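Reading the structure
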Amino acid sequence: MTSSNSAHHSNGKAEIYISKETDPLESKNGGAVATEVKIKDEGHTDVEALDGGYAWVIVFASFWIQFLISLPMVYGVLYVELLEAFESSNADTAWPGSIATGLALGLGPLASVLCNKFGHRATCIAGGVFTAVGVFSSAFVNNIYLLNLTYGVLAGTGMAMAYVPGVVMVGFYFDKKKGLANGLAVTGVGVAGIVIPSLMTYLINVLGWRGCLIIMGGIALNICVMGALLRPLPKRFITAGAEQEDKICEISLLKDWRLLVFILVDFLWNIGGVTWVTLVVDHAIVEGFGKEESALLATVDGIGGVLGKLTIAFLSKHLCCNRLLIFATAIFFSGVPSFLVSIDTSYAALVCYCALYGFSFGVQLGLLPVIILELFGLRRLTSAFGYAMVGDGIGALIGPPIGGFVFDVTKSYTLSFVFGGLTCVASAGLVMVLFISVKCRKTPVVVDEIVLEQEEEAKDLVT
């Protein structure tokens, strides 16, 4: 059942219309608790700021930001080259990519604080500079441990600063079409998974891995260009929750058990997911396939990811079941290839496994921002997304090194992948806990708690 109501306030020159829906994760219009406040001002005729106009420029910018920050994340191809260049162990070689991905996700709360204090645009531009400098300087290091600092810490911090504003700005500009908008924006990660592995393979063959990183560092500077497009929502267009909180960081969110569960969900999933992405290319080489053939598996991951994200984007308003249920199913199937990879190691089978992982990952990533928005509300979107990324970061940080260490001991990736698959299954089980909670209505909807505050704020804006 859904319930909706509206309120109308007037002060002579401007009128406020407030409407809300309070059915979490099942609203036909793609939004659980989609609360909208519009101000109709006699001095403005273009009052529809949401779901159109510059909102699509935000989607365009978000797409390319997520594409560009994937440059250091597509580490599998570089991982193989670094193993040979530095003659380091698998565990040591996995660390730079793990640190980069771990910080890109795990520093979400810091990025949220910076967004709330300095603005999403400035934070994203600064992140682009850090990312570019980190990748570029990595071309000149002489041992794997310095790469942890340049590629890992510097580039990873920059990616976090660019990723959070690039994702959450879409939530500020969209209401009814937020499912479609988020789905299209996160497709940037999937397209990067298709393009970047092949591009890196070509550059490595022509310029070597150092030349490849120099070029990639220059490409990463385009994050700054896309960040400049993240224009704040005009003041005369007020969406409930679009105004920032006075508090820089929503510490109170940590009292919500659902957020803590969500952090654990992301932690477990990223152990398995990032382990697969990082190690599958080298696994193929160990099984006897050539470097270029093996690198194509990362491209297959990317193709599957794009298809998954596009599928969830265009079906977002027509889903016949709860989004959390689909989210749990996608996480579960992202872990299935980790169990199957030891059963059939033919190249055709590896292609199928990568396609299944990529598609499942795409569906999951397409749903992630929408679910966080609907569980915790637009006012808390930036902070909630940042906290959730802590789990992503820690999981991504420890997963591949554990997998590499297991390979160093056993000389096989079988146990590494099985461990990753188990973490994905456990993650999916925790999502089902959230699903049952929402279906049973045991937990109040967070957004409902702040609707009255939003209405009072809307009154103040026109008085």
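Residues numbered from 1 in each chain as written. Predicted model: local features only at pLDDT ≥ 70, side-chain atom pairs only at ≥ 80, totals over all residues. Heavy atoms only, no water.

1. A word on the side chain of Ser62
Let me state the cut-off plainly: Helix and strand definitions here come from DSSP, where helices need a minimum of 4 consecutive H or I residues and strands a minimum of 2 consecutive E residues; each element is numbered from the N-terminal end. Burial status follows relative accessibility: with a 1.4 Å probe on protein chains alone, a residue under 20% of its type maximum counts as buried, one over 50% as exposed, and anything between as partly exposed. Should any heavy atoms of two residues lie within 4.5 Å, those residues are counted as being in contact.
Tracing the chain through its elements places Ser62 in helix α1 (residues 55-68). Overall, the relative accessible area of 0% leaves Ser62 in the buried class. Those residues within four positions of Ser62 in sequence are excluded, and the remaining contacts are Gly166, Val167, Val170 and Ala185.

2. Topic: helix α2 (residues 76-86)
Counting buried residues along α2, nine of its 11 residues qualify, which places the element largely inside the surrounding structure. Regarding α2, the residues found buried are Gly76, Val77, Leu78, Tyr79, Val80, Glu81, Leu82, Leu83 and Phe86. Each element contacted by the buried residues of α2 is listed here: α3 (90-106), α6 (144-173), α7 (178-220), α9 (257-286) and α10 (291-314). Glu87, located one to two residues past α2, shows a positive phi value of around 50°.

3. Some thoughts on the packing of α9 against helix α13 (residues 381-410)
Pairs of packed helices are described in terms of their axes, by the angle between the two and the distance that separates them. This is how it is decided: Fitting a line to C-alpha atoms yields each axis, with helices limited to the stretch in contact; the angle taken between N-to-C directions then spans 0 to 180 degrees. Working rule for handedness: look at the near helix, and if it is turned counterclockwise from the far one by less than a right angle, call the crossing left-handed; if clockwise, right-handed. Under the scheme applied, nonpolar residues are Ala, Val, Leu, Ile, Met, Phe, Trp, Tyr, Cys and Pro; charged residues are Asp, Glu, Lys and Arg; polar residues are all the others, including Gly.
Across the interface, α9 lies against α13 with an axial gap of 6 Å and an inter-helix angle of 35°. Between α9 and α13 lies a crossing of right-handed hand. In terms of residue class, the contact of α9 with α13 is made up of 16 nonpolar, eight polar and two charged.

4. Some words on the nonpolar core
Note the threshold: We define a nonpolar core as any set of buried Ala, Val, Leu, Ile, Met, Phe, Trp, Tyr and Cys residues linked to one another through side-chain atoms lying within 4.5 Å.
If you look at the biggest cluster of nonpolar residues, it comprises 119 residues, and the most contacted ones within it are Phe262, Phe327 and Ile372. At 15 residues, the largest contribution of residues to this core is made by helix α12 (residues 347-376). Apart from residues lying up to four places away in sequence, Phe327 is in contact with Phe262, Val265, Gln364, Leu367, Leu368, Ile371 and Val431.

5. Describing the packing of aromatic side chains
Test applied: Aromatic pairs are defined between Phe, Tyr and Trp rings, using the six-membered ring for Trp, whenever the two ring centres lie within 6.5 Å; interplanar angles under 30 degrees are classed as stacked, those over 60 as edge-to-face, and all others as tilted.
In the structure shown here, the tally under the stated rule is 17 aromatic pairs. Both rings, one in Phe407 and one in Tyr413, keep their centres 4.3 Å apart while their planes meet at 25°; by these two values the pair is stacked. Taken individually, Phe407 and Tyr413 each receive the classification buried, so the pair is uniform in this respect. One aromatic cluster is present, built from ring pairs that chain together Trp269, Trp276, Tyr357, Phe361, Phe407, Tyr413 and Phe417.

6. Description of the packing of α10 against α12
Here α10 crosses α12 at 35°, and the two axes come no closer than 6 Å. Crossing geometry of α10 relative to α12 is assigned as right-handed. Residues of the contact of α10 with α12, tallied by class, amount to 16 nonpolar, seven polar and three charged.

7. Quick notes on the environment of Met200
Along the chain, Met200 falls in helix α7. With near-sequence residues (within four places) excluded, Met200 lies in contact with Val74, Val77, Leu78, Cys212 and Met216.

8. Examining the environment of Tyr353
Assignment of secondary structure puts Tyr353 in helix α12. The exposure class assigned to Tyr353 is buried, which follows from its relative accessible area of 9%. Excluding its chain neighbours within four sequence positions, the residues that come into contact with Tyr353 are Trp276, Pro337, Leu340, Val341 and Asp344.

9. Quick look at unusual backbone geometry
One non-glycine residue, Glu87, lies in positive phi territory at about 50°. With respect to the element layout, Glu87 can be found in the loop between α2 and α3. Residue Glu87 is classed as exposed on the basis of its relative accessible area of 72%. Positioned with a positive phi, Lys411 is a non-glycine residue whose angle comes to about 60°. Residue placement: Lys411 occurs in the loop between α13 and α14 (414-440). On the basis of relative accessibility, which here comes to 59%, the residue Lys411 falls in the exposed class.

10. Let's talk about the confidence of the model for the chain
Operational definition: Residue-level confidence of the predictor is what pLDDT reports, using numbers from 0 through 100.
Per-residue confidence for the chain averages 79 on the pLDDT scale, and 79% of its residues sit at or above 70. Considering each helix and strand of the chain separately, the mean pLDDT is smallest for helix α15 (residues 451-461), with a value of 35, and largest for helix α8 (residues 222-227), with 96.

11. Quick look at a nonpolar patch on the surface
Operational definition: Patch membership is restricted to residues that have no salt bridge and whose relative accessible area is over 30%. Joining uses 9 Å for like charges and 5 Å for the nonpolar side chains Val, Leu, Ile, Met, Phe, Trp and Tyr. Each accessible area is a Shrake-Rupley estimate made with a 1.4 Å probe; only the visible protein chains count as cover when residues are assessed. Salt bridges are defined by distance alone: a side-chain nitrogen of Lys or Arg within 4 Å of a carboxyl oxygen of Asp or Glu.
A grouping of Phe136, Phe140, Tyr202, Val206, Leu207, Ile214 and Ile215 is seen on the molecular surface, where their side chains present a nonpolar patch of about 680 Å² in accessible area. In terms of residue count, the dominant contributor to the nonpolar patch is α7 (five residues). On the secondary structure map, Ile214 appears in helix α7.

12. Comments concerning the pattern of salt bridges
A complete count under the given rule lists three salt bridges for this structure. Salt-bridge contacts for Lys291 lead to Glu81; the nearest nitrogen and oxygen are separated by 3.5 Å. Pair noted here: Lys291 is in helix α10 and Glu81 is in helix α2, with a separation of 210 residues, a long-range link. A relative accessible area of 16% places Glu81 in the buried class.

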